[in-house]
Amino acid sequence: MKYSIVLILLFIVGCASAIYSSKEEKLYVEKCGGCHRVYAKDEFSKEHWLKEFDEMTKRAKLDEAQKMMMRNYLFDEGTANPPLSN
Ligand code: HEC
């Protein structure tokens, strides 16, 4: 009985991490997708993102490490999908 619970848990954990391509993306969807839809990175200009960023990380109650992770995720110019060049 206990064994099958462990199996079910492993299954859930496995699926949950499979949906996201990175832990940053997971954090973003989980923390920021609760109040509004998950905005695409290229949906807003960099100026607009920066304007919202501090306020939103407060609303999402991110700690410093998570904030940094989020900043990298949203503003990293080196990603394959350059988010904020417009
Ligand atoms: C507690 C609820 C809440 C959380 C959590 C939250 N937001 Fe928001 N967000 C809002 C609301 C409400 C607005 C609408 C504008 C306003 O009130 O400032 C908004 C607006 C925005 C906008 C501007 C949208 C536009 O059309 O201009 C962006 C970008 C944004 N949020 C990003 C984020 C990010 C990134 C996170 C995670 C770090 C996040 N939000 C977490 C409530 C939230």
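The model shown is predicted, which means the values in this text are computed figures rather than measured ones.

(A) Fine view of the overall build of the protein chain. Scanning the protein chain from terminus to terminus reveals four helices and zero strands. Split into buried and exposed, the 86 residues of the protein chain put 3% on the buried side. Taking contacts inside the protein chain between residues at least 6 apart in sequence as the whole, the part at least 24 apart equals 69%.

(B) Molecular detail of the site of the ligand. Taken together, 15 residues sit near the ligand, with Cys32, Cys35, Met56, Arg59 and Ala60 positioned nearest. At the level of secondary structure, the elements contributing two or more residues to the shell around the ligand comprise helix H2 (23–32) and helix H3 (46–59). Residue contributions to the shell around the ligand peak at five residues, all from H3. Looking at the shell around the ligand residue by residue, the class counts come to nine nonpolar, three polar and three charged.

(C) Geometry of the environment of Gly34. Tracing the sequence through the fold places Gly34 in the loop between H2 and H3. Sequence spacing of Gly34 and Ala60 is 26 residues, and the spatial spacing of their C-alpha atoms is 8.8 Å.

(D) Main features of H3. End to end, H3 covers 20 Å across 14 residues, agreeing with the expected 20 Å (1.5 Å per residue, within 8%). The first or second residue beyond H3 is Lys61, which carries a positive phi of 55 degrees.

(E) Broad picture of unusual backbone geometry. In this model, Lys61 sits at a positive phi of 55 degrees, which is unusual for a non-glycine residue. Structurally, the position occupied by Lys61 is in the loop between H3 and helix H4 (64–75).

(F) Just the confidence of the model for the protein chain, in detail. Per-residue confidence for the protein chain gives a mean pLDDT of 83, with 83% of residues at or over 70. In the predicted structure, residues 78–86 sits below a pLDDT of 50 and forms ten contacts with residues beyond four places in sequence or in another chain.

(G) Just the packing of H2 against H4, in detail. Orientation of H2 relative to H4, taken along the N-to-C sense of each, is 105 degrees, at an axis distance of 9 Å. Classified by the interaxial angle, the pair formed by H2 and H4 is roughly perpendicular. Of H4, the residues touching H2 (which contributes Glu24, Glu25, Leu27 and Tyr28) are Gln66, Met69, Met70, Asn72 and Tyr73. Split into classes, the residues belonging to the contact of H2 with H4 amount to five nonpolar, two polar and two charged.

Cut-offs and rules
- Residues numbered from 1 in each chain as written.
- Predicted model: local features only at pLDDT ≥ 70, side-chain atom pairs only at ≥ 80, totals over all residues.
- Helix = DSSP H or I, 4+ residues; strand = E, 2+ residues; numbered from the N terminus.
- Buried ≥ 20, exposed ≤ 12 C-beta atoms within 10 Å, placed from the backbone.
- Contact = placed C-beta atoms within 7 Å.
- Near = placed C-beta within 6 Å.
- Nonpolar A, V, L, I, M, F, W, Y, C, P; charged D, E, K, R; others polar.
- Expected span 1.5 Å × (residues − 1).
- pLDDT = per-residue confidence, 0-100.
- Axes fitted to C-alpha atoms, helices over the stretch in contact; angles between N-to-C directions.
- Parallel < 35°, antiparallel > 145°, perpendicular 65-115°, else oblique.

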